[in-house]
Amino acid sequence: MERTFIAIKPDGVQRKLIGEIIRRFEAKGFTLVGLKMMSVPRELAEKHYEVHQEKPFFPGLVKFITSGPLVAMVWEGDGVVSSARKIIGATNPLTAEPGTIRGDFGVSVGRNLIHGSDAIETAAKEISLWFTPEELVSWDSAMAGWLYE
């Protein structure tokens, strides 16, 4: 089964959208295999966003992600990486489709509620950055037979 990393950013936590966001992934049929609420150390934030290190918005990105608690998650399922991106919506909430998390709840690019891995390879890297193997729980969902052939 494919896995992806999802983080509800500090604005999503402050706006009390944790349950709604988790509900959308559960309703799609994905299995939650890792979950923790945490304050993000600066070093972890910089490592997570290292691809943007040379960009002018990098310091603000690090400052924002470390500004309050976030919820880090690992979800599992067939095609979960690409499906999660569709559930999340476009980076800019003003252009995100209605029905997506950002389209329904987002207001600005700088406060877009949620992060999701953009590829299978990125997901593997992000999962190992945010979770130890012991923090992930492999389990068989009773729904699997109703979702997959």
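Predicted, not measured: the structure shown is a model, and the values here were computed from it. (Residues numbered from 1 in each chain as written. Predicted model: local features only at pLDDT ≥ 70, side-chain atom pairs only at ≥ 80, totals over all residues. Heavy atoms only, no water.)

What about the sheet that holds strand S3 (residues 70-76)?
Which entries qualify depends on this criterion: If DSSP finds at least two bridges between two strands, the strands pair. By definition, any uninterrupted DSSP run of H or I lasting at least four residues is a helix, any uninterrupted run of E lasting at least two residues is a strand, and each is numbered from the N terminus. A fitted line through C-alpha atoms serves as each axis, taken over the contacting stretch for helices, and the angle formed by two N-to-C directions is quoted from 0 to 180°. In what follows, residue pairs with any heavy atoms lying within 4.5 Å of each other are defined as contacts.
Strand order in the open sheet made by the four strands is S2-S3-S1-S4, with antiparallel pairing throughout. Lying at the two open borders of the sheet, with one neighbouring strand each, are strand S2 (31-38) and strand S4 (114-116). Going from strand to strand, the sheet's axes swing by 15° on average, the running direction of each strand aside. In this structure, strand S1 (residues 3-8) lies alongside S3, joined through six bridges in antiparallel fashion. In the strand pairing of S3, Arg3 is matched with Glu76. The strands that helix H2 (residues 18-28) touches are S1, S2, S3 and S4; relative to S3, the one it contacts most, it runs at about 5°. The strands touched by helix H7 (residues 120-130) are S1, S2, S3 and S4; relative to S1, the strand with the most contacts, the crossing angle is about 60°.

Examining the UniProt feature "active site" (unreviewed entry) in the protein
The following threshold applies: UniProt positions are given in the numbering used here, feature names are shortened, and annotations may be inferred rather than shown by experiment.
Annotation from UniProt places "active site" (unreviewed entry) at His115. Tracing the backbone shows His115 in strand S4. Look past the residues within four positions of His115 in its chain and what remains in contact with it is Phe5, Ile6, Ala7, Lys9, His48, Ile88, Arg102 and Glu126.

Details of a nonpolar patch on the surface
Worth spelling out the cut-off: Patches in this entry comprise residues that are over 30% relatively accessible and not in a salt bridge; like charges within 9 Å are linked, as are nonpolar side chains (Val, Leu, Ile, Met, Phe, Trp, Tyr) within 5 Å. Accessible surface is estimated by sampling points in the Shrake-Rupley manner with a 1.4 Å probe; for residues, cover comes only from the protein chains shown. Any Lys or Arg side-chain nitrogen located within 4 Å of an Asp or Glu carboxyl oxygen qualifies as a salt bridge.
On the surface, Met143, Trp146 and Leu147 cluster together to form a nonpolar patch covering roughly 390 Å² of accessible area. Residue placement: Leu147 occurs in helix H8 (residues 144-147).

What about helix H4 (residues 58-65)?
Stated precisely, the cut-off is as follows: Only protein chains enter the accessibility calculation, which uses a 1.4 Å probe; a residue is then buried when its area is under 20% of its type maximum, exposed when over 50%, and partly exposed in between. What the arc covers is the set of directions going from the helix axis to the C-beta atoms.
Taken together, the buried positions of H4 are occupied by Phe58, Leu61, Val62, Phe64 and Ile65. Across the axial projection of H4, the buried residues extend over an arc of 165°, all falling on one side. Within H4, the exposed residues directed more than 90 degrees away from the buried face are Pro59 and Lys63. On its buried face, H4 sits against helix H1 (10-14), helix H3 (42-48) and S3.

Side note on the UniProt feature "binding site: ATP" (unreviewed entry) in the protein
As annotated in UniProt, the feature "binding site: ATP" (unreviewed entry) corresponds to Lys9, Phe57, Arg85, Thr91, Arg102 and Asn112 in the numbering used here. As for its placement among the helices and strands, Lys9 is situated in the loop between S1 and H1. Assessed through its relative accessible area of 9%, Lys9 is described here as buried. Lys9 has contacts with Tyr49, Phe64, Ile65, Pro69, Leu70, Arg102, Asn112, Leu113, Ile114 and His115, leaving out every residue within four places of it along the chain. Examined against the element boundaries, Arg102 turns out to sit in helix H6 (residues 101-105). Excluding anything up to four places from it in sequence, Arg102 contacts Lys9, Ile88, Gly89, Ala90, Thr91, Pro93, Ala96, Asn112, Ile114 and His115.

Here's the deal with unusual backbone geometry
For residues other than glycine, phi is negative in most cases, and the peptide bonds are mostly trans. For Lys16, which is not glycine, the phi torsion reads 60° and is therefore positive. Mapped onto the fold, Lys16 is located in the loop between H1 and H2.

Considering helix H5 (residues 80-88)
Within the span of H5, buried status applies to Val80, Val81, Ser83, Ala84, Ile87 and Ile88. Projected down its long axis, H5 carries its buried residues within an arc of 165°, all on one side. The elements touched by buried residues of H5 are S1, H2, S3, H6, S4 and H7. Looking at the residues trailing H5, positive phi occurs at Gly89, about 95°.

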